[in-house]
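Descriptive structure summary
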Amino acid sequence: MKTQKTIPTTKVERSAKFVKTGIQIGGNYIKHYSKKLFNPNLDREQLNEDNATDIYQSLSELKGSALKIAQMLSMDKNILPKSYVDKFSQSQYNAPPLSGPLIVRTFTKNFGKTPENIFDSFNLNSSNAASIGQVHQAMLNGKKLAIKIQYPGVGDSISSDLKLVKPFAFRLLGMSERELNIYIKEVEERLLEETDYELEVRRSIQFSEACKNLDHVIFPKYYPELSGKRIITMDWIDGQHLKEFLQTNPSPELRNKIGQALWDFYNFQQHELRAVHADPHPGNFMITSDETLGVIDFGCIKEMPDDFYYPFFSLISTDVMNDKHKTIEAFRKLDMIHADDSAEQVEFYYQSYREMISLFAKPYTSKSFDFSEPDFFEQLYAYGEKISKMPEFKQARGVKHFIYVNRTNFGLYQILHELKATVKTDTFKPHV
């Protein structure tokens, strides 16, 4: 893959990149509607493909929060055209990597030394390049290490980038202005944390220690003395990403084993730690040769306060949903039903959200669940598509915590679906 020698870091440079992309997209629309004059039956497939290519190329060169938005959207498979999902999903595994001189400059700025002065050997070619940073392999005292290096300017450009991404997100997501502002604000808070590598090292050590007794899950050791604001050093975990793993045609038993490890990893955190690894895209996991799940990134953590945890999980794990009054009370606590809603609106949202949560909670309603069944996902996507077209859902509903908690759980469901895993779902239950 061709390396990237520079990254636009100033607000002017990054704004210019967005303006150029906007002009390209405008050109794509002109080209599409010109063709449509001669072929009225022309669909939007080529337009979507052209737009997705131009937007992804622009975001991948900008890196950081701009590319992270693409990564997040690629996981929400029911809200984007397929061409966008296919193109944006590249950011889960590989974006264009930075060139060697840029990497050396980053090390020198952070440590006052080049990589060769710190490690016995250091591979200037990245092993993996994603949205916030890229990973290089190094050796020190006979130990293989993974060195995660943050892209220059990423942490400083988050707020301005999100303002620039907003028009694209507005068009792609179809959210109301208020809802989009809530979404962007929550994303900004998490991204600011995600670019704080010193915080990530502390959390990585904390969470890997808390989760160390889970079956078939492993974590790298982290080295604070070889880490800093823009660099993280950890043990290298040999293994395959999900895509590579599935290409080996693993047995159903092995799929279930990895799926169970993933389910337990997430639900232990949600219900025992009340904070969860909120970035469940496949690029953050490795499947090792001894059939364990390696978790290699704790950059994005979502904490769940009591005033969200109790009403939300009471809806999916108790008999609250069988009591209309209690269900509406929980919906009010979660801001899904507003104080000024009319009686007709209360009834409408009660019925709509009850249907939605009943669907979401299916894996929790029995002792095991087969995620290979397509019916469950078809129902989820169909419902998501249905409400996206309903004017009643154009206004913001729900507390901000839903953004990452829903993303986490639906991301988990999707990985389990790709694994075609059947898992025991009663291993770690909500405490409500």
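Now for a description of the structure that goes with this document. All figures in this text were calculated on a predicted structure; none of them were measured in a lab.

Cut-offs applied
Residues numbered from 1 in each chain as written. Predicted model: local features only at pLDDT ≥ 70, side-chain atom pairs only at ≥ 80, totals over all residues. Heavy atoms only, no water. Helix = DSSP H or I, 4+ residues; strand = E, 2+ residues; numbered from the N terminus. Buried < 20%, exposed > 50% of the residue type's maximum accessible area, 1.4 Å probe, protein only. Contact = heavy atoms within 4.5 Å. Areas by Shrake-Rupley, 256 points an atom, 1.4 Å probe, with all protein chains shown as cover. Salt bridge = Lys/Arg side-chain N within 4 Å of Asp/Glu carboxyl O. Polar contact = N/O pair within 3.5 Å; in protein donor to acceptor, adjacent residues only side chain to side chain. Core = buried A, V, L, I, M, F, W, Y, C linked by side-chain atoms within 4.5 Å. Pairing = 2+ DSSP bridges.

1. Notes on the overall build of the chain
Check the secondary structure of the chain and you find 16 helices and 12 strands. For the chain, the residues scored as buried account for 54% of the 432 residues in total. Sequence separation of at least 24 residues holds for 71% of the intrachain contacts in the chain that already meet a minimum separation of 6. By element, 52% of the accessible surface of the chain is carried by carbon and sulfur atoms, the whole surface being about 19800 Å².

2. Focus on the pattern of salt bridges
In this structure the tally under the stated criterion is 17 salt bridges. R190 is paired through a salt bridge with E186; the nearest N and O atoms lie 3.0 Å apart. One end of the pair, R190, and the other, E186, are both in helix α8 (residues 177-194), 4 residues apart, so they sit about a helical turn from each other. A single burial state applies to R190 and to E186, both of which are buried. The partner of E291 in a salt bridge is K257, with the nearest N and O atoms 3.0 Å apart. Here E291 is found in the loop between β8 (285-287) and β9 (293-295), whereas its partner K257 is found in helix α11 (residues 252-273), with 34 residues between them in sequence. Each member of the salt-bridge network shares a partner with another, and the members are E186, E189, R190, E193, R203, K302 and K400.

3. Focus on the environment of Q134
Tracing the backbone through its elements, the reader meets Q134 in strand β3 (residues 133-140). Spatially, the C-alpha atom of Q134 lies 8.2 Å from that of I147, the residues being 13 residues apart in sequence. Reaching out from Q134, the side chain makes a polar contact with the side chain of H136 at a distance of 2.9 Å.

4. Quick look at the nonpolar core
Formed by 85 residues in total, the largest nonpolar core has its most connected members in F265, L315, Y413 and L416. No other element matches the 9 residues that helix α16 (residues 402-419) contributes to this core. Once you skip the residues sitting within four places of it in the chain, L315 turns out to touch V320, M321, T327, A330, F331, L334 and I357. Residues I118, F119, L140 and Y223 belong to the second largest nonpolar core, which totals 13 residues.

5. Quick notes on the side chain of D279
Counting through the fold element by element, D279 comes out in the loop between β7 (275-277) and β8. A distance of 2.8 Å separates polar atoms of two side chains, one belonging to D279 and the other to R407.

6. Section: the environment of K143
Topologically, K143 is positioned in strand β4 (residues 143-150). Residue contacts for K143: discarding those within four places in its chain leaves A138, Y223 and D235.

7. Some details on the sheet that holds β9
Read from one edge to the other, the open sheet built from 3 strands follows the order β5-β9-β8, with strand pairing classed as mixed. The sheet is open, and its two edges are formed by β5 (217-218) and β8, each paired on a single side. Where β8 lies against β9, 3 bridges are found, and the strand directions are antiparallel. Along β9, the bridge assignment pairs M286 with G294.

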